[in-house]
Amino acid sequence: MPLSLQGHLMSTLASANGDDKKEPTTGALAQLPKVPTALAALPPRGARTMGSHAADHQSAKDYYLEHTGKRHPFHVLPPSPWPLLAGWGTYVTCLGMAAWFHNIPTGGALMAFGLANTAWTAITWWRDCAIEGDMGMHTEVVRKNFISGMWAFIVSEALLFVGLLWACLHLGMSPSVALQMQWPPVGIEPVGWDKRALVMSAVLAASYYSANVAMVAKDPKVVMGALATTIGLGAMFLGDQYLEYNELPFTISDSPYGTTFFVTTGFHGLHVLLGSLYLTAALMMYKRTHNAGAALKSSILYWHFVDIVWIAVYGIIYVGQY
């Protein structure tokens with residue numbers, strides 16, 4: 001590890017742990033700036049409550065020494081109920097969705113309960129993460145790991161869309177006898193690429209630019225304005241997609257064409273919705289701190305992924321099958 005990076009990490013830990021009261025280090029490390037502890041800026045203990053045991057952190061130094069016996073630039077998490085609750089909520093959601101698809105009574109209610117549980121868990125879990133950042137638990141190494149985790153998540157989501165789009169390609173290139181070896185099937189009018197889909201493409205292209213402005217701008221007003229513009233363009237995309245769905249002459253159960261169309265575009269629309277919510281949370285955090293942290297960078301990275309996926313969706317679903 002380079003000397004400058006090692007010195008920066010040690011200085012950050014020493015400041016967060018209260019060790020900066022010791023005699024200054026000689027040599028190159030003595031020239032590094034002191035990083036003020038985030039704990040001093042927080043209200044007294046008990047004024048900021050957390051949903052998990054993370055609020056029981058005495059300090060970074062005490063917690064690291066008690067649980068690991070050494071200091072390091074990583075955030076050692078205490079026992080947390082959120083992974084278990086998130087998994088449970090996802091399971092109940094999928095179970096209720098399957099029941100709803102098969103018209104089983106109370107299937108819709110079960111799915112709604114699972115979605116509400118998952119949403120509540122996500123909000124509370126992310127709130128805890130934000131408080132941990134205010135407490136100084138997120139060092140530079142931790143923030144870099146957040147970005148790496150977002151990249152891993154994007155790769156997994158990209159593979160999901162690879163499967164969905166390959167289903168469209170496979171059905172289009174080799175339609176079965178049951179479809180009279182024709183694609184789109186007989187009686188299905190394909191969706192044109194030059195109507196609402198073209199407008200949605202222009203909206204996402206504009207949002208790609210505004211998200212880039214939010215990433216590189218230094219003026220807080222410009223950053224917040226660009227983020228708000230991106231969120232508004234996402235809402236326009238979802239509204240246009242809703243209008244398109246209402247105008248289509250087929251449904252999700254009308255042949256494999258209807259199924260692949262609604263599932264693929266619907267999943268992309270869901271990602272646009274989640275990306276808009278993520279950008280909204282990042283905007284609220286930036287408005288409070290004026291700091292382009294990991295939340296802002298990862299949310300814009302995710303939004304770029306949503307924009308790029310639309311190129312493949314538009315090319316295969318709308319242009320390739322028209």
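Residues numbered from 1 in each chain as written. Predicted model: local features only at pLDDT ≥ 70, side-chain atom pairs only at ≥ 80, totals over all residues. Heavy atoms only, no water.

- By the naming in an unreviewed UniProt entry, the chain goes by Cytochrome c oxidase subunit 3 and is assigned to Chlamydomonas incerta.
- Per its UniProt entry, the chain bears the Subcellular location (unreviewed entry) comment "Membrane".
- Under the UniProt heading Sequence similarities (unreviewed entry), the note attached to the chain is "Belongs to the cytochrome c oxidase subunit 3 family." (UniProt positions renumbered as here; feature names shortened; annotations may be inferred.)

### Concerning the overall build of the chain
In step 1: On a plain count of helices and strands, the chain comes out with nine helices and zero strands.
In step 2: Along the chain, helices (α) and strands (β) appear in the sequence α-α-α-α-α-α-α-α-α when read from the amino end.
In step 3: Counting across all 322 residues of the chain, residues that qualify as buried make up 37%.
In step 4: Counting contacts in the chain only where the partners sit at least 6 residues apart, residues at least 24 apart contribute 71% of the total.
In step 5: As displayed, the chain has an accessible area near 18,100 Å², and 68% of this comes from carbon and sulfur atoms. (Helix = DSSP H or I, 4+ residues; strand = E, 2+ residues; numbered from the N terminus. Buried < 20%, exposed > 50% of the residue type's maximum accessible area, 1.4 Å probe, protein only. Contact = heavy atoms within 4.5 Å. Areas by Shrake-Rupley, 256 points an atom, 1.4 Å probe, with all protein chains shown as cover.)

### Thoughts on the nonpolar core
In step 1: Formed by 45 residues in total, the largest nonpolar core has its most connected members in Leu227, Phe250, Phe261, Trp310 and Tyr318.
In step 2: Looking at this core, the elements with two or more residues in it are α5 (140-173), α6 (196-216), α7 (220-247), α8 (255-289) and α9 (294-319).
In step 3: Per-element accounting of this core gives the leading share, 13 residues, to α9.
In step 4: Non-local contacts of phenylalanine 261, meaning those with residues more than four positions away in its chain, are made with Val191, Glu244, Tyr245, Leu248, Phe250, Gly266, Ile317 and Tyr318. (Core = buried A, V, L, I, M, F, W, Y, C linked by side-chain atoms within 4.5 Å.)

### Looking at the UniProt feature "transmembrane region" (unreviewed entry) in the chain
In step 1: In the numbering used here, UniProt assigns the feature "transmembrane region" (unreviewed entry) to residues 107-126, 146-173, 193-210, 222-239, 259-279 and 300-320.
In step 2: The distance from the first to the last C-alpha atom of residues 107-126 is 29 Å, and the span holds 100% helix and 0% strand.
In step 3: A distance of 26 Å separates the end C-alpha atoms of residues 222-239, which is 100% helix and 0% strand.

### Quick notes on the packing of aromatic side chains
How two aromatic rings sit relative to each other is set out by the distance from centre to centre and by the angle between their planes.
In step 1: Tallied over the full model, the rule gives 19 aromatic pairs.
In step 2: Judged by centre distance (5.7 Å) and plane angle (80°), the ring pair of tryptophan 82 and tryptophan 120 falls under edge-to-face. Here tryptophan 82, found in helix α3 (residues 82-101), pairs with tryptophan 120, found in helix α4 (residues 107-134); they are 38 residues apart in sequence, far enough to count as distant.
In step 3: On the accessibility criterion, tryptophan 120 (46% relative accessible area) is partly exposed.
In step 4: Ring plane angle 75° and centroid distance 5.7 Å describe the contact between phenylalanine 261 and tyrosine 318, whose orientation is recorded as edge-to-face. Highlighted residues: phenylalanine 261 in helix α8 and tyrosine 318 in helix α9, separated in sequence by 57 residues. (Phe/Tyr/Trp six-rings, centres within 6.5 Å; stacked < 30°, edge-to-face > 60°.)

### Topic: the pattern of salt bridges
In step 1: Counted under the stated rule, the structure contains three salt bridges.
In step 2: A salt bridge links glutamate 140 to arginine 143; the nearest nitrogen and oxygen atoms lie 2.9 Å apart. You can see glutamate 140 and its partner arginine 143 sitting in helix α5, three residues apart, about one turn around the helix.
In step 3: Its relative accessible area of 28% is what places glutamate 140 among the partly exposed residues.
In step 4: Two residues, glutamate 247 and arginine 196, come together in a salt bridge whose shortest N-O distance is 3.0 Å. Taken together, the positions of glutamate 247 in helix α7 and arginine 196 in helix α6 put the pair 51 residues apart, joining distant regions of the chain. (Salt bridge = Lys/Arg side-chain N within 4 Å of Asp/Glu carboxyl O.)

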